[in-house]
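Here are the chains, one letter per residue:
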Amino acid sequence: MKELLNDLDRWAAKGHRIAIARVVDTDGSGPREPGAAMAVNDEGEVAGSVSGGCVEGAVVVEALEVIETGDRRMVSFGYSDDEAFAVGLTCGGTIHLFLEPLDW
Amino acid sequence: MTERPIFTALAEAIRAEEPVALATVVEGPHAGAKLLLRPGVAGEGGTQGHDALGTLGNADLDRVVTRDALGELAAGRSGVRHYGEKGEAREEAVNVFIESFAPPPQMLIFGAVDFTGALTRVARILGYRVTVCDAREVFATKQRFPMAHDVVVSWPNTLLDAVGPSLGPRDAVCILTHDNKFDVPAVISSLATDVGYIGVMGSRKTHDNRTARLIEAGVDEAGLARLQSPIGLDIGARTPEETAVSIVAEIIALHTGRDAPQLKDGAGPIHGVRA
């Protein structure tokens, strides 16, 4: 979260709406620990990361929906070997993210 | 930004490097509800008190999560915990993500030598708050160690008497002077703290000589066992930068309990030869 603060302040000062995704839990081998965080603004700008780059693209899509709807949600990403183009973690673990608007 | 009171308080605490825990309901009623906890305020009767902001939607749940979150924060852990709607144990109606923001761990480096600059840089990468201390004014300067948060001209025992009580299991003391005049008081004062890591630099000969001096000075078996001496993992490090990596790698291995080869357990040459 610390590495996001300057971007969050800058975005908030410009009146952007923001969603935050935080890793809350991991199963098996995960690249980042609980607490790893990523923020997305309503123009699709990104700060921080929640994995080794594997799922960030999908998180942006989810985050933009969260900004649009104001809903909060849990989203999980895991290893998928049956769909060649599925979004997943190549390390074989699963990460569970909590996404919410920055309205608190 | 009064419309975001919890985030504002969280950001303030993180920037000030003060401990803070944020509890968020991630599944269950009131998803997104938050409770921010800042310990350190003196409570009634001298107990450890805390400041709380927000609610998870139920006073009993708040009370139980407050207790758990302060415990997780003290241990520097973050994770999801499960509760009943009123904070009951062994229920899973409410899942709460407790995120700990512990202040950065501290590293005290004694001795303003060549190795100190490299260790300061590597320690900064790992997130340590670094203090360099040496009794010799000409060597202990901010110009020589620009990456250190603090450069202190002092005897090791004087500095440790002042900051020792704040040291805990996540913190480290690295004694790089390899001069008994400084090493012995630095080791003795470090052993009087709860610091998690005490590494002491020196050749095997210096180590043997220093151990004898420490025993003479009254350091017992348990005290000697707490020392990582000679400091670092046995990876054949030669340069100050390589030595710095071997030191922080030793700290990591001791935290995770992995069985990495330590110089203290070996007998061979400390420096390696390039193939």
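Everything here concerns the structure above.
Quick look at the structure, then. Note on numbering: residues in each chain are counted from 1, in written sequence order. Working convention: letters from A go to chains and numbers from 1 go to ligands, in the order in which they are written. Only residues with pLDDT of 70 or above have their local features reported here, since the model is predicted, and side-chain atom pairs are shown and tallied only from 80 upward, although totals for entire chains, interfaces and linings are computed over all residues. Only hydrogens and water are removed before side-chain values are computed, so all heavy atoms of the structure are retained for them.

Where helix H1 (residues 5–13) of chain A meets helix H1 (residues 5–15) of chain B, the closest approach of the two axes is 11 Å, and the angle between their N-to-C directions is 140 degrees. Between H1 of chain A and H1 of chain B, the angle falls in the class oblique. Seen from above, H1 of chain A lies across H1 of chain B with left-handed handedness. Taken together, the residues of H1 of chain B that come into contact with H1 of chain A (itself represented by Leu5, Asn6, Leu8 and Asp9 of chain A) are Phe7, Ala11, Ile14 and Arg15 of chain B. Looking at the contact of H1 of chain A with H1 of chain B residue by residue, the classes come out as five nonpolar, one polar and two charged. Here an angle of 0 to 180 degrees is reported between the N-to-C directions of two axes, which are lines fitted to C-alpha atoms, with helices fitted over the stretch in contact. Here a helix means four or more residues in a row that DSSP labels H or I, a strand means two or more in a row labelled E, and each is numbered from the N terminus. Angles are sorted into four bins: roughly parallel if under 35 degrees, roughly antiparallel if over 145, roughly perpendicular if 65 to 115, and oblique for all others. A crossing counts as left-handed when the near helix is turned anticlockwise from the far one by less than a right angle, and as right-handed when that turn is clockwise. Contact definition: two residues touch when any of their heavy atoms are within 4.5 Å. Residue polarity follows a fixed list, in which Ala, Val, Leu, Ile, Met, Phe, Trp, Tyr, Cys and Pro are nonpolar, Asp, Glu, Lys and Arg are charged, and the others, Gly among them, are polar.

Right, let's talk about the layout of surface pockets for a bit. All names here are of chain B. In this analysis the probe radius is 1.4 Å and the grid spacing 1 Å, with only protein atoms considered; a cavity is a set of points the probe fits into but cannot get out of, a pocket is an open set with protein on both sides within 12 Å along at least five of seven lines, and lining residues have an atom within 4 Å of a point. Grid points are joined across faces, edges and corners, and a volume is the space filled by probe spheres set on the points. Approximately 1400 Å³ is the volume found for the largest pocket. Every residue lining the largest pocket is counted, 34 residues in all, and those nearest its centre are Ser100, Ala102, Pro105, Leu126 and Arg170. Elements represented by at least two residues in the lining of the largest pocket include exactly H1, strand E5 (94–101) and helix H8 (240–256). The residue makeup of the lining of the largest pocket, split by class, is 17 nonpolar, seven polar and 10 charged.

A word on the sheet that holds strand E3 (residues 46–48) of chain A. Sheets are built from strands that pair by backbone hydrogen bonding, the pairs being arranged parallel or antiparallel. Residue and element names in this part refer to chain A. Two strands pair under a simple rule: DSSP has to find at least two bridges between them. The five strands are arranged E3-E2-E1-E5-E4 in an open sheet whose pairing can be described as antiparallel. Both edges of this open sheet fall to E3 and strand E4 (73–77), since each of them pairs with a single strand only. Each adjacent strand pair in this sheet contributes to an overall mean axis angle of 25 degrees, direction not counted. Bridging between strand E1 (residues 18–27) and strand E5 (residues 94–101) involves eight bridges; their strand directions are antiparallel. From the neighbouring strand, Val23 faces E5, where its bridge partner is Leu97. Where helix H2 (residues 56–69) meets the sheet, it contacts E1, strand E2 (37–41), E3, E4 and E5, and its direction lies at approximately 55 degrees from that of E2.

Once that is clear, we can look at the packing of aromatic side chains. Two rings belonging to Phe, Tyr or Trp (six-membered ring only in the last case) form a pair when the distance between their centres is within 6.5 Å. Interplanar angles under 30 degrees mark stacking, angles over 60 mark edge-to-face geometry, and anything in between is tilted. Under the definition given, this model contains two aromatic pairs over all chains. Taken together, a centroid distance of 5.7 Å and an interplanar angle of 85 degrees make the contact between Trp104 of chain A and Phe7 of chain B edge-to-face. Linking Trp104 of chain A in the segment after E5 with Phe7 of chain B in helix H1, this pair reaches from one chain into another. One exposure class covers both Trp104 of chain A and Phe7 of chain B, and it is buried. We note Lys34 of chain B situated over the ring of Trp104 of chain A; from NZ or CZ to the ring centre the distance is 4.4 Å. Three exposure classes are used, based on accessible area relative to the maximum for each residue type with a 1.4 Å probe and protein chains only: buried under 20%, partly exposed in between, and exposed over 50%. Our definition puts a charge over a ring when NZ of Lys or CZ of Arg is within 6 Å of the ring centre and also within 35 degrees of the ring normal.

Any link to function would need more than the numbers given here.
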